[in-house]
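Letter by letter, the chains look like this.
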Amino acid sequence: MDPELLEIRRHLGAYPPFDALSDELLDEVAEHIEISYYRAGSQILAANQSIDSLCYVRSGAVEVYRRTGDLFDRLGEGSIFGHYGLLRGRRVHYPAVAIEDTLIYAIPVTIFDHLCEADDDFADFVELGRPRLEAAVETQRRSNDLMTTRVRKLVTRAPLIAESGETAREAALRLADEPSAALLVVEASGDDPRYTYADAEGALWQVRGILTDADFRARVVATGLSADTPVGEIVSDRLVAVQSDETVQEAMLTMLRHNVHHLAVVHRRRPIGLIRLEDVVRYETQSSLYLIDSIFSQATPAGLAKLLPDVRTSAVRMIRDGADSRTVSTALSSIGRSFVRRLLELAEAELGPPPVPYAFMAMGSMARSEQTLVTDQDNALVLDDAFDPQRHDDYFQTLAERVSDGLNACGYGYCKGGIMATNSRWRQPLSVWKRYFHHWIEQPNPERLLHSNIFFDLDNAHGEERFIEVLQELVATEAGQSKAFLAAMARNALNRTPPIGFFRDFVMEKDGRQNNSINVKRRGTAPLTDLIRVHALACGSRAQNSFERLNDIAETQLLGPGVADRLSYALEILSMTRLRHQAIDIEQEREPDNNIEPENVPAKERADIKEAFRALSQAQKFLRFRYPMPAGGVRAGRPG
Amino acid sequence: MRTKSEALGGGWSGWLKDQTRRAAAPALRAFYERFPANASQSIGETPLVALDLETSGLDPRRHAILSIGVVPFDLNGISIARRRYWILRPPRGFSGGSVAYHHITHADTEQAPDFAEILPDLLDALAGRLPVVHYHPIERGFLERAVRQRGQGPFRFPLIDTMAIEARRYRQRWRMGLRRLLGKPPISIRLNDSRARYNLPAYEGHQAVIDAIGTAELLQAQIQHHYSRSTAIGDLWV
């Protein structure tokens, strides 16, 4: 393709469904678009008019209506519309209006048809009636596969380029300023068309080869060559390259075949980046496994605390590499449990063996295996019934303090509600715990449960597994039987509502509202996990993880067909949004939090998030209907 | 009584009519014959073509055209598939100072055609269309000079200048005075700054085709905001 259209191609290639197209198909799209400008308020598509192209929002915002006149969707940069009409008789089904000054790229129907025919993923994306959430989650999952991921995904920056006349010193200085360990050597005059390309401005270059930092050592320093030698005399005339739409797997094989650790990634003949063997290896290994090893080799709590940056780097890497939220959260929860275990081992080594058996109980997100990079500690101690406070409690209190302080130093803040084993109320023998749970289930009261529903996600972190199993069994068999308990839990699950209009405000209001942010945990994942917990308890599920709970719920007739899947997709979208946001915070050296700002959410993800909030809102409506509020307010429980 | 558009465009209409008789080269005569010359014709009915030159400097007497980008369009759409792009070999080479700006190097232009070789294709791409540029002194000066240097010409025709349209709106003397009084800098009417006022995206500039596309988008936006499809072309051309 002519380099002059790179600008257009680059934009299209960043948004679904175009981001997954082969280079060839993407070129074909860019070559054929027709561009039109629409002033705010003007009609783009009128109902029933004939339609001959797919519309792509390059800039601005568009509203799409049902034929009844109801709003169907609001679209921003990178969204497409008009595909329903193209698929159904080439007439406009959903009229569209520009709500801001908008630039539309129109893709002719002949190209649209060809894309549908040539690319199944594209066809799936535009296919009628395919739930958007499902498509989004599947795309995410597929994108993590070595066999199908295109190597251009590993390219994070343009290659560092040196002209052949540049001296070794100049080139080395530039390498030193960059995180990359290699640069590409090119020259302006050359006569081998196989390695010649035109840059974005039409200038012709011939690629000579790659120069790595190892080459500088071996060919300049070790041989005593002058630092003024031009790089053209150092580089070996052999370019090993891979096309940008080849798979990551193919890139790895190419490196092995040629015994090189660096590879140029080219689009046609133009180099768009350099990748290293480490990039590929990093892509396929779960670095969290190594991290857990090093947790168990630490000899002091201070050593553990020093691992916090590694925990964060490892999670950010997984998120960047396209892992799904379950993979990331499970890894983070395993890391969290490993910290708890190691702290307990270190404490026992110092304090001596425990006087009676105990289980260290994890609650909340750790019990659900749904931890993120921002997490407080929620824990408790379940002791053997032989526990005698007079004789044994000093030991367990010290033990609990060691763990709690250690976790705090490792980045897991103290629980603001005091739900920690350091609190004597939450450091009790098994029989007392059984009484607690009986009491909560039989005599519920929403205010009391609001603070303690955290206990209904419970798992063993260390110690006597059987103690925790007894409690899990009790909850699973008794909670679902008590209507009053479920109603109280349901009411808590309805306390926090999703911010449906959030992105709409962002699109429509240019002034003054851009600083708003939303706590995606409080308004998204937390109400969703609360809601899932109620249904899970109602159907006697023993699962703690929300996705597993949804699987159990789906086996019953509790929710309508497909609803559990929809909630599962919504949870994935919201969890990923939260994790990605935290990754950005960490990369930009801010303390991670749960507050997302709409301008930091890529336009292509907004529609998915909106859809997820909508799914949560509908599920809350159903929950309200399923567990109506008792007349005359909530039944009062005993104070406690 | 003369209408406003006749008053504004009358000079150009006469000039174009004159050239259809007087142009020596048949290709130029054909170009003038097909040129949309009726000043009262509406912009909505006029085929347009966005045109952008990259040059080695700002002075047509000392500098040369390095590349030309052309994109046909109308108020409904800009057709990418019909774009044209040429890199040219300057008559006497060019100085290196502008390379950093447009990235066209000597090596590129050594094998490129001379302007004379692409002129028939250029005239073909412009045929029957009213050219639209951003900052017309460059296009007008360099094209005129290039044609004359090769023994043809004159080569002058009306153009719509999107920068002149911005200047009319944002550089009026009283507005400028008011802004100065309020201590604000004058409003920039460079291509990307002008585009931003119409919510058009920032393109990476100084590539002739992309700048031509950007100019075409800007005119579509200006017509929708300040004029209408029925505005006479004589009111817009310069």
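Residues numbered from 1 in each chain as written. Chains lettered and ligands numbered in written order. Predicted model: local features only at pLDDT ≥ 70, side-chain atom pairs only at ≥ 80, totals over all residues. Heavy atoms only, no water.

- Chain B is annotated in an unreviewed UniProt entry as 3'-5' exonuclease of Spiribacter insolitus.

- If you check an unreviewed UniProt entry, chain A appears there as DUF294 nucleotidyltransferase-like domain-containing protein from Spiribacter insolitus.

### Description of the overall build of chain A
Part 1 of the argument: A count of helices and strands for chain A gives 25 helices and 21 strands.
Part 2 of the argument: When burial is assessed residue by residue, chain A has 55% of its 640 residues classed as buried.
Part 3 of the argument: Of the contacts made within chain A by residues no fewer than 6 positions apart, 73% connect residues no fewer than 24 positions apart.
Part 4 of the argument: Of the accessible surface of chain A, which amounts to about 27,800 Å², a share of 48% is contributed by carbon and sulfur atoms. (Helix = DSSP H or I, 4+ residues; strand = E, 2+ residues; numbered from the N terminus. Buried < 20%, exposed > 50% of the residue type's maximum accessible area, 1.4 Å probe, protein only. Contact = heavy atoms within 4.5 Å. Areas by Shrake-Rupley, 256 points an atom, 1.4 Å probe, with all protein chains shown as cover.)

### Focus on the overall build of chain B
Part 1 of the argument: When its secondary structure is counted, chain B shows ten helices and six strands.
Part 2 of the argument: Burial statistics for chain B: of 238 residues in total, 53% are counted as buried.

### Things to note about helix α5 (residues 115–126) of chain B
Residue and element names in this part refer to chain B.
Part 1 of the argument: Residues of α5 that are buried include every one of F115, I118, L119, L122, L123, A125 and L126, and no others. Buried residues of α5, seen end-on, are gathered within an arc of 155 degrees and therefore sit on one face of the element. Away from its buried face, by an angle of more than 90 degrees, α5 presents the exposed residues E117, P120 and D124.
Part 2 of the argument: Residues of α5 that are buried sit in contact with α2 (26–34), β1 (48–55), β2 (65–73), β4 (84–87) and α6 (136–149).
Part 3 of the argument: Residue D114 occupies the N-cap position of α5, its side-chain oxygen lying 2.9 Å from the main-chain nitrogen of A116. (Arc of directions from axis to C-beta. Polar contact = N/O pair within 3.5 Å; in protein donor to acceptor, adjacent residues only side chain to side chain.)

### A few points about the sheet that holds strand β7 (residues 96–98) of chain A
Residue and element names in this part refer to chain A.
Part 1 of the argument: Reading across from one edge, β2-β7-β4-β5 is the order of the four strands in this open sheet, with antiparallel pairing throughout. Edge positions in the open sheet fall to β2 (43–45) and β5 (71–75), since each of these has one partner strand only. When strand polarity is set aside, the average angle formed by the axes of neighbouring strands in this sheet is 25 degrees.
Part 2 of the argument: Strand direction decides the pairing type here: strand β4 (residues 62–65) and β5, joined by four bridges, are antiparallel. Within β5, the position partnered with V62 by the bridge is L75. (Pairing = 2+ DSSP bridges. Axes fitted to C-alpha atoms, helices over the stretch in contact; angles between N-to-C directions.)

### Things to note about the interface of chain B and chain A
Part 1 of the argument: Contact residues are listed per partner, giving 33 residues for chain B and 31 residues for chain A.
Part 2 of the argument: Summed over both sides, the interface between chain B and chain A buries roughly 2,700 Å², with carbon and sulfur atoms accounting for 49% of that surface.
Part 3 of the argument: Seen at the junction of chain B and chain A, the total is one salt bridge.
Part 4 of the argument: Two residues, E31(A) and R83(B), come together in a salt bridge whose shortest N-O distance is 3.2 Å.
Part 5 of the argument: Where chain B packs against chain A, one counts 15 residue pairs in polar contact (both at pLDDT 80 or more).
Part 6 of the argument: Counting residues per element, the ones that place at least two in the side of chain B that touches chain A are β3 (78–79), β4, α4 (106–110) and α10 (208–226) of chain B.
Part 7 of the argument: With eight residues, the top contributor of residues to the side of chain B that touches chain A is α10(B). (Buried area = accessible area lost by both parts, 1.4 Å probe. Salt bridge = Lys/Arg side-chain N within 4 Å of Asp/Glu carboxyl O.)

### A closer look at the sheet that holds strand β13 (residues 241–243) of chain A
Residue and element names in this part refer to chain A.
Part 1 of the argument: What the three strands build is an open sheet, ordered β13-β14-β15; its pairing is mixed. Since the sheet does not close on itself, it has two edges, and those belong to β13 and β15 (270–276), each with one partner. Taking each pair of neighbouring strands and ignoring which way they run, the sheet shows an average axis angle of 35 degrees.
Part 2 of the argument: By the bridge criterion, six bridges tie strand β14 (residues 262–267) to β15 in an arrangement that is antiparallel. Across the sheet, residue H267 finds its bridge partner in β15, namely R270.

### Points about the packing of aromatic side chains
Residue and element names in this part refer to chain A.
Part 1 of the argument: The tally for this structure, following the rule as stated, stands at 30 aromatic pairs over all chains.
Part 2 of the argument: Note on Y395 and F396: the rings are 5.3 Å apart at their centroids and 85 degrees apart in plane angle, and the pair reads as edge-to-face. F396 carries the same exposure label as Y395, and that label is buried.
Part 3 of the argument: Between F456 and F485, the aromatic rings sit 5.0 Å apart at their centres with planes inclined by 45 degrees, giving tilted as the arrangement. Taken together, the residues span a long stretch of sequence, with F456 in the loop between α18 (446–452) and β19 (458–463) and F485 in helix α20 (residues 483–493) at a distance of 29 residues.
Part 4 of the argument: On the basis of relative accessibility, which here comes to 1%, the residue F456 falls in the buried class.
Part 5 of the argument: Taken together, W426, W433, Y436, F437, W440, F455, F456 and F485 form an aromatic cluster joined through their ring pairs.
Part 6 of the argument: A cation over a ring is seen here: R626 above Y627, with NZ or CZ 5.1 Å from the ring centre. (Phe/Tyr/Trp six-rings, centres within 6.5 Å; stacked < 30°, edge-to-face > 60°. Lys NZ or Arg CZ within 6 Å of the ring centre and 35° of its normal.)

### Brief notes about the nonpolar core
Part 1 of the argument: In terms of nonpolar packing, the biggest core is built from 104 residues, with F18(A), F81(A), I68(B), F115(B), L122(B) and I213(B) touching the most fellow members.
Part 2 of the argument: In terms of residues, this core owes the most to one element, α10(B), which gives nine residues.
Part 3 of the argument: Grouped together as the second largest cluster of nonpolar side chains are 63 residues, V382(A), W433(A), F437(A) and L550(A) included. (Core = buried A, V, L, I, M, F, W, Y, C linked by side-chain atoms within 4.5 Å.)

### Some points on the side chain of S333(A)
Part 1 of the argument: One can find S333(A) in helix α14 (residues 325–351).
Part 2 of the argument: Judged by relative accessible area, S333(A) falls into the buried class, the value being 1%.

### Digging into the environment of L218(B)
Part 1 of the argument: Residue placement: L218(B) occurs in helix α10.
Part 2 of the argument: If sequence neighbours within four positions are ignored, L218(B) has contacts with H134(B), T162(B), L191(B), S194(B), R195(B), Y198(B) and L200(B).

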